[in-house]
Amino acid sequence: MVQKYQSPVRVYKYPFELIMAAYERRFPTCPLIPMFVGSDTVNEFKSEDGAIHVIERRCKLDVDAPRLLKKIAGVDFVYFVQKNSLNSRERTLHIEAHNETFSNRVIINEHCCYTVHPENEDWTCFEQSASLDIKSFFGFESTVEKIAMKQYTSNIKKGKEIIEYYLRQLEEEGVTFVPRWTPPSITPSSETSSSSCKKQAASMAVVIPDAAFKEGLSGDALSSPSAPEPVVGTPDDKLDADYIKRYLGDLTPLQESCLIRLRQWLQETHKGKIPKDEHILRFLRARDFNIDKAREIMCQSLTWRKQHQVDYILDTWTPPQVLQDYYAGGWHHHDKDGRPLYVLRLGQMDTKGLVRALGEEALLRYVLSINEEGLRRCEENTKVFGRPISSWTCLVDLEGLNMRHLWRPGVKALLRIIEVVEANYPETLGRLLILRAPRVFPVLWTLVSPFIDDNTRRKFLIYAGNDYQGPGGLLDYIDKEIIPDFLSGECMCEVPEGGLVPKSLYRTAEELENEDLKLWTETIYQSASVFKGAPHEILVQIVDASSVITWDFDVCKGDIVFNIYHSKRSPQPPKKDSLGAHSITSPGGNNVQLIDKVWQLGRDYSMVESPLICKEGESVQGSHVTRWPGFYILQWKFHSMPACAASSLPRVDDVLASLQVSSHKCKVMYYTEVIGSEDFRYGRPCLSTADGPCFLFLSLSLCLRWRFC
């Protein structure tokens, strides 16, 4: 497996030339890097005007590895080849390095870059990327990988310290300024040749190898290894090391790399709303910084948020009055670490009454709004306290808890809420303080604890009776001034006291079922199932040519092919029976087929856009400007993968789903709209991208139509 590393942008608040003077002091050896024994210059090239300087060194490293491993490998030192390409005119330094020792067994590539800060020419930026691929190593592949990663991360941490050390050394020597490169003086007799030199120098980085051959450099010495290059993009696309420390906390180099790579993947592939950096980091922490696992659960969560419009829940949903009166929970200041504090008087809450009066879905939506508010408060407290705050503390008072709270439908609702929160709000609970736990609590804990993640359970602190008032109790986590009055504190707590919900507010099972359905179908999106041999199709009738058909869909499961067809005649309406060939009813969405089997492509209907293959988890937005009136058919078709390509292991959710439905099934969630040509003022149509003017107009029209903004 190839291990990759990508650094954040490190900013030195010094000019590029001064940084270069400090950097050169690392050679031929650096006492601050004990493993760096020494280096020899192998090849060197300088342009006539002095703007380009390429130097290649062979570096000798004493790797901290077990003596037995060195003996088996038959080496005491490891050699690397490093090529530095300095362009003083452009003020850039590119560093490429690869291993010479064991190059047929282990492939290590590194690429570093020093550049001028895009917003301040007196500052310098540094980026670094690397890859490690161990083909074979005498059966010690895993050991070598651990040693290599350990050595590399330790050197990354020292990188900035070393530059700053030599900057201080230069300052002690009285060197605080290094002039920029300037072109040689031009004489009238050489004006023509000088002009030609300028043109050549501008592209010197490209022609260096040819020029270097004349100086004696070999082609092998100057050929660039296939090192991963830092991501090219605008400053807003990249994460600054100081920003990470200020707003996200102290991360190890490998943790920073995981965050940057996952964030980059989202920017390149996800067409919807990109989560905030804090939220991406939560998913990584929830999966111990395994990028593949974090990416999977995050994509599922993003689809879930979009389907249920969770991003707008605080602005568009008002909790029913019953919740406001009888739900005994609310926000209450913050703990000693600056985390928002949520107080829940569970023992005083009538869970059975709330479920009977509101239903499970209303309670779930209310809990989601609490979590969304918690995320907002974390951002505010990060700014207020000047340090990263990404989670909150929950204080649960169990006084009054009894067998009534073990009512089976209530426990079922609680377990579902826990499941949804665990999946979509990972690592948001910093600490859970459970106070005044009664004798019945172990029974409830036995039922609930298996559904709680191990990392989350370690954050639980449970106090029986009045133990919370003693040493190691509440005062260790919450300031005395904000302990609620019902816990013998001095602060008046505005959290509702709860109480029994009047039975006159209870609703029938039918009413609750209809209400639950309404809560989660208040969405502009529709869902559909796509089966092998049974695509899902929708009909769009166009009266005026040059109208614009827009779409926005998510592939929730499986891979599909998206097509658009045009026909002059209307297809026959689908049959009513759910078992017929034209209509399939399933719990996960409808399936409708409109194109009759006797129709022939090219005679009865035509394809107006090239087929688009969409992978599971992708969000796709686009549009098509119609050329003719008539009937347009949007089709989502099952995409069959070659047998050899299906090598990845199935997910647990997919295995469970396969027990209930056919494995040849995909799910899509879609929305379509037709916009008149007179209302469409932006660029050309696009089928698969959402970053053009077309999507801008679509987004604006959605905001205006449903008042989301």
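Residues numbered from 1 in each chain as written. Predicted model: local features only at pLDDT ≥ 70, side-chain atom pairs only at ≥ 80, totals over all residues. Heavy atoms only, no water.

## Let's talk about the packing of aromatic side chains
The following threshold applies: Side-chain rings of Phe, Tyr and Trp, where Trp is taken by its six-membered ring, are said to pair if the distance between their centres is within 6.5 Å; with planes under 30 degrees apart they count as stacked, over 60 as edge-to-face, and otherwise as tilted. The numbering of helices and of strands both runs from the N terminus, where a helix is a DSSP run of H or I of at least 4 residues and a strand a run of E of at least 2. Burial here depends on accessible area, computed with a 1.4 Å probe over protein chains only, as a share of the maximum for the residue type. Under 20% is buried, over 50% is exposed, and the range in between is partly exposed.
Per the stated rule, a full pass over the model turns up 19 aromatic pairs. For the ring pair Y327 and Y366, a centre distance of 4.8 Å and an interplane angle of 85° mean the geometry is edge-to-face. Note that Y327 is positioned in the loop between α12 (321-326) and β9 (329-334) and Y366 in helix α14 (residues 360-385), a separation of 39 residues in sequence. For Y327, a relative accessible area of 9% corresponds to the buried category.

## A look at the confidence of the model for the protein chain
Note the following rule: Per residue, pLDDT captures the predictor's confidence, and it can take any value from 0 to 100. Every residue pair with non-hydrogen atoms within 4.5 Å of one another is taken to be in contact.
With 81% of its residues at a pLDDT of at least 70, the protein chain reaches an overall mean of 80. Confidence scores differ between elements of the protein chain, with helix α20 (residues 693-706) showing the lowest mean pLDDT of 34 and strand β10 (residues 340-344) the highest of 96. Every residue in residues 187-235 is under pLDDT 50, and counting partners more than four places away or in other chains gives 59 contacts. Counting contacts from residues 576-588, a segment whose pLDDT is below 50, to residues more than four positions away or on other chains yields 23 contacts.

## Description of the packing of helix α1 (residues 16-24) against helix α3 (residues 141-172)
In plain terms, the rule: Convention adopted: a line fitted to C-alpha atoms gives each axis, helices being fitted over their contacting stretch, and angles between N-to-C directions are expressed from 0 to 180 degrees. Our angle categories are set so that under 35 degrees counts as roughly parallel, over 145 as roughly antiparallel, 65 to 115 as roughly perpendicular, and the remainder as oblique.
Two numbers describe how α1 lies on α3: the axes approach to 8 Å, and their chain directions differ by 100°. Of the possible angle classes, the one that applies to α1 and α3 is roughly perpendicular. Judged by residue contacts, L18, I19, A21, A22 and Y23 of α1 engage I163, Y166, L167 and L170 from α3.

## Examining the pattern of salt bridges
For clarity, the threshold we go by: Counted as salt bridges are all cases of a side-chain nitrogen of Lys or Arg within 4 Å of a carboxyl oxygen of Asp or Glu.
Summed over all chains, the structure comprises 31 salt bridges. The partner of D277 in a salt bridge is R263, and the shortest N-O contact between them spans 2.7 Å. Here D277 is found in helix α9 (residues 277-286), whereas its partner R263 is found in helix α8 (residues 253-269), with 14 residues between them in sequence. As far as the burial class goes, D277 and R263 line up, both buried. If you follow the salt bridges from partner to partner, you end up with D335, D337, R339 and R431 in one network.

## Details of the sheet that holds β10
Short version of the rule: At least two DSSP bridges between two strands are required for those strands to pair.
Sheet architecture is open: five strands sit in the order β9-β10-β11-β12-β13, paired in mixed fashion. Of all the strands in the sheet, the pair left with one neighbour each is β9 and β13 (460-464). Looking at each pair of strands side by side, their axes are set apart by 20° on average, direction ignored. As paired strands, strand β11 (residues 392-397) and strand β12 (residues 429-437) are joined by six bridges and run parallel to one another. Directly across from T393, in β12, lies its bridge partner R431. Each of β9, β10 and β11 is contacted by α14, which is oriented at about 5° to β9, the strand it contacts most.

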